[in-house]
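Residues per chain are reported as follows:
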Amino acid sequence: MALAAPWRWLPPLLAVLLGLWGLERGGSGGGGSMWRDESVTWQVAHRPLGALWELLGQVDAVHGLYYLLMHGVFGLWDGGLWALRLPSVAATALAAAGVAAVGHRLAGGRAALLAGAVYAVLPPVQMYAQEGRSYALVAAAVVWATYLMLRERWVPYAVVLLLGCWLHEFAVLALLAHAFTAWRSRGWRWSAGAVVALLLPLALVSARQAERQLGWLGRPSWQDWAAYGVVAALALLLARGAPAPSRELVRVALPLVLLPPGLLMVISLVHPWYVDRYVLYALAGLALLAGARAARVRLVRVRAGWQWALVAALLVPPLGFWSAWLRTPESRKDDVLAVAAAVRERARPGDAVLFMPARRREWLLSSPEVYATLRDLALDRSPAASHSLWGGESAPAEIRARLRAAPRVLALLDPAGQPLDPYPAEAVKRRTLASEFELCAVSEVRGARVAVYARPGACG
């Protein structure tokens, strides 16, 4: 039996090896780290199906299919951080294999091998390969839908792309990129129409939730525009002067790099919806262009060999440093497991806890053994009972009364310098602590502060 061509197995193997490297992302206690978005996945996916369905009617419908998938994963194997992240590792390997398959169809085996490997090592791809969120799965669906488009397999194309859209609806922007290749095909037009029509129910539900779901987003920053400009310039440079055999690849890859993120950024000038991970799949186009360009260089030519050795010398050290950094808690906004460990160390029997703002309750929801030992002063209804992510809080007057009856409070705060929520309940928390309590100690934890308050004179 002949061995499979290297382009078929080397890219996904590389993606798996990179995905498994440092999968738990360190952590001061050796037990790994997890940031708050992953914590949402963990605690929502552990809810009973009925409670999960009720939640999606109120918030986070855009991630509903992913939560259902993870509910099934945890039902089969409740393996902590490994169970949380392995689906993303597998999806990234599948996406790398898909990039290689597209590259092989359009530019041959050498380009396929290089494109798939480039995709696997791109730092954003490595980042979301180790994250318990849907973005790696969405990228895999878009990549394989692109391959099916090239094969003109329109029913499987529509099914796979629709799956990606139901995992995260911004995958629908890939249709714009695909239109540059397939718009003349009646089969593609019917498939695209079916995808849009069958995505419409999710779009209508998530549109009602958009203010609560995306209210934290601002318009794209200058750093976002600069990053897009760099990627776009690199893509155009790689596409420049492509010979005839590679022009079809350019027609497929270049729109995939440029259009989904570009359009989402323009839309975000009016409706702030842009986050780079929402269009992670666009990097597949960059990997295809890089693989096709690299495949045209013959290393037996001495001059070209020296050029590529220089490129490797310039790129490998920063890429290695970046890859190592991505496997540390510092690569994410916060670390809910570190926050829970800090609370565990400082808490005494009878202590109360206050989350400032309320959405930071997420820091302890994924550590129920810590959260259960504390009295949550502001909580009125639990997340499950309120069909929400973080629960419902009491009225400001009730929060003030409970605070005045507490001898000692652990306050979980955002890092210093972050904007303060203007809501009445949050203002009452701040005023009551400042006027009636003494700040005993405050500890900086990754992306958070844990402050201990007591009655005046009782800190000791």
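Residues numbered from 1 in each chain as written. Predicted model: local features only at pLDDT ≥ 70, side-chain atom pairs only at ≥ 80, totals over all residues. Heavy atoms only, no water.

Enquirer: Please set out the overall build of the protein residue by residue, giving values where relevant.
Expert: Regarding its fold elements, the protein presents 20 helices and 7 strands. In terms of overall size, the protein behaves like a compact globule, its C-alpha atoms giving a radius of gyration of 25 Å where 460 residues would be expected to give roughly 23 Å. Here the C-alpha coordinates of the protein stretch approximately 80 × 50 × 45 Å along the principal axes. Within the protein, contacts between residues at least 6 apart in sequence are counted, and of these 75% link residues at least 24 apart. Side-chain charges in the protein split into 46 positive and 30 negative, and the spacing between the mean points of these groups amounts to 12 Å. (Helix = DSSP H or I, 4+ residues; strand = E, 2+ residues; numbered from the N terminus. Rg over C-alpha atoms; globule rule 2.2 N^0.38 Å. Contact = heavy atoms within 4.5 Å. Lys, Arg positive; Asp, Glu negative; His and termini not counted. Charge placed at Lys NZ, Arg CZ, Asp CG, Glu CD.)

Enquirer: Describe the packing of helix H9 (residues 154–167) against helix H10 (residues 174–182), listing the residues and the values that go with them.
Expert: Direction vectors running N to C along H9 and H10 enclose 160°, while the axes themselves pass 13 Å from each other. Taken as axis vectors, H9 and H10 run roughly antiparallel relative to one another. At the point where H9 passes H10, the crossing takes the right-handed sense. Between H9, through Trp154, Tyr157 and Leu161, and H10, the contact on the second element is made entirely by Ala174, Leu175, His178 and Ala182. (Axes fitted to C-alpha atoms, helices over the stretch in contact; angles between N-to-C directions. Parallel < 35°, antiparallel > 145°, perpendicular 65-115°, else oblique. Left-handed = near helix turned anticlockwise from the far one by under 90°.)

Enquirer: Tell me about the sheet that holds strand S5 (residues 408–413), and name the residues and values.
Expert: Two orientations exist for strands paired in a sheet by backbone hydrogen bonds: parallel and antiparallel. Sheet architecture is open: 5 strands sit in the order S2-S1-S5-S7-S6, paired in mixed fashion. With one partner strand each, in any of the chains shown, strand S2 (375–376) and strand S6 (438–445) form the two edges of the open sheet. Two elements, strand S1 (residues 352–356) and S2, share 2 bridges in a ladder whose sense is parallel. Bridge pairing in S2 links Ala352 to Arg375. Lying on the sheet, helix H16 (residues 336–346) is in contact with S5, S6 and strand S7 (448–454); it crosses S7 at an angle near 20°. (Pairing = 2+ DSSP bridges.)

Enquirer: Residue-level account of the packing of helix H6 (residues 109–121) against helix H14 (residues 283–295), with values.
Expert: As a packed pair, H6 and H14 sit with axes 7 Å apart at the nearest point and diverge in direction by 135°. Here H6 is positioned oblique relative to H14, judged by the angle of their axes. Viewed along their axes, H6 and H14 form a crossing whose handedness is right-handed. Contact residues: Arg110, Ala111, Leu114, Ala115, Val118 and Tyr119 in H6; Leu283, Ala284, Ala287, Leu288, Ala290, Gly291, Ala292, Ala294 and Ala295 in H14.

Enquirer: Can you lay out the nonpolar core for me, pointing to particular residues and giving the numbers?
Expert: Soluble, globular proteins show a tendency: their nonpolar side chains are buried together. Among the nonpolar cores identified, the biggest contains 122 residues, and Tyr119, Tyr157, Leu161, Tyr281, Leu289, Val343 and Leu364 are the most heavily contacted of them. For this core, the leading source of residues is helix H8 (residues 135–150), giving 13 residues. Here Tyr157 is in contact with Ala145, Leu148, Met149, Leu175, His178, Trp188 and Ser191, once residues within four sequence places are set aside. Ranked by size, the runner-up nonpolar core spans 16 residues in total, among them Ala352, Leu354, Met356 and Leu413. (Core = buried A, V, L, I, M, F, W, Y, C linked by side-chain atoms within 4.5 Å. Buried < 20%, exposed > 50% of the residue type's maximum accessible area, 1.4 Å probe, protein only.)

Enquirer: Kindly report on H14, identifying the contributing residues and their values.
Expert: The end-to-end C-alpha distance of H14, which contains 13 residues, comes to 18 Å, matching closely the 18 Å that a straight helix rising 1.5 Å per residue would cover. Summarising burial for H14: 12 of the 13 residues are buried, a large majority. Those residues of H14 not exposed but buried are Leu283, Ala284, Gly285, Leu286, Ala287, Leu288, Leu289, Ala290, Gly291, Ala292, Ala294 and Ala295. (Expected span 1.5 Å × (residues − 1).)

Enquirer: Residue-level account of the state of the cysteines, with values.
Expert: Here the structure, examined in full by the defined rule, presents 1 disulfide. Each sulfur in the disulfide pair Cys440 and Cys459 lies 1.9 Å from the other. The chirality of the disulfide connecting Cys440 with Cys459 is left-handed, given an S-S dihedral of about -80°. You can see Cys440 sitting in strand S6 and its partner Cys459 sitting in the segment after S7, a full 19 residues away along the chain. Overall, Cys440 belongs to the partly exposed group, its relative accessible area being 29%. Here Cys459 falls in the partly exposed class, since its relative accessible area comes to 24%. (Disulfide = S-S within 2.5 Å.)

Enquirer: I'd like a description of the packing of aromatic side chains, backed by residues and values.
Expert: Inspection of every chain in the model, using the stated rule, returns 8 aromatic pairs. Measuring from centroid to centroid gives 6.4 Å for Tyr66 and Tyr67, while their planes differ by 45°, and the two rings are tilted. Tyr67 matches Tyr66 in its accessibility class, with the two residues each being buried. On the basis of an interplanar angle of 90° and a centroid distance of 5.6 Å, the ring pair of Trp154 and Tyr157 is categorised as edge-to-face. Note that Trp154 and Tyr157 are positioned in helix H9 at a spacing of 3 residues, about one turn of the helix. Like Trp154, the residue Tyr157 is buried in the burial classification. By the ring-pair criterion, three or more aromatic residues cluster together here, those being Tyr128, Tyr135, Phe170, Trp273 and Tyr278. Taking the ring centre of Phe437 as reference, the NZ or CZ of Arg455 above it sits at 4.3 Å. (Phe/Tyr/Trp six-rings, centres within 6.5 Å; stacked < 30°, edge-to-face > 60°. Lys NZ or Arg CZ within 6 Å of the ring centre and 35° of its normal.)

Purely spatial values, then, with no claim about function.
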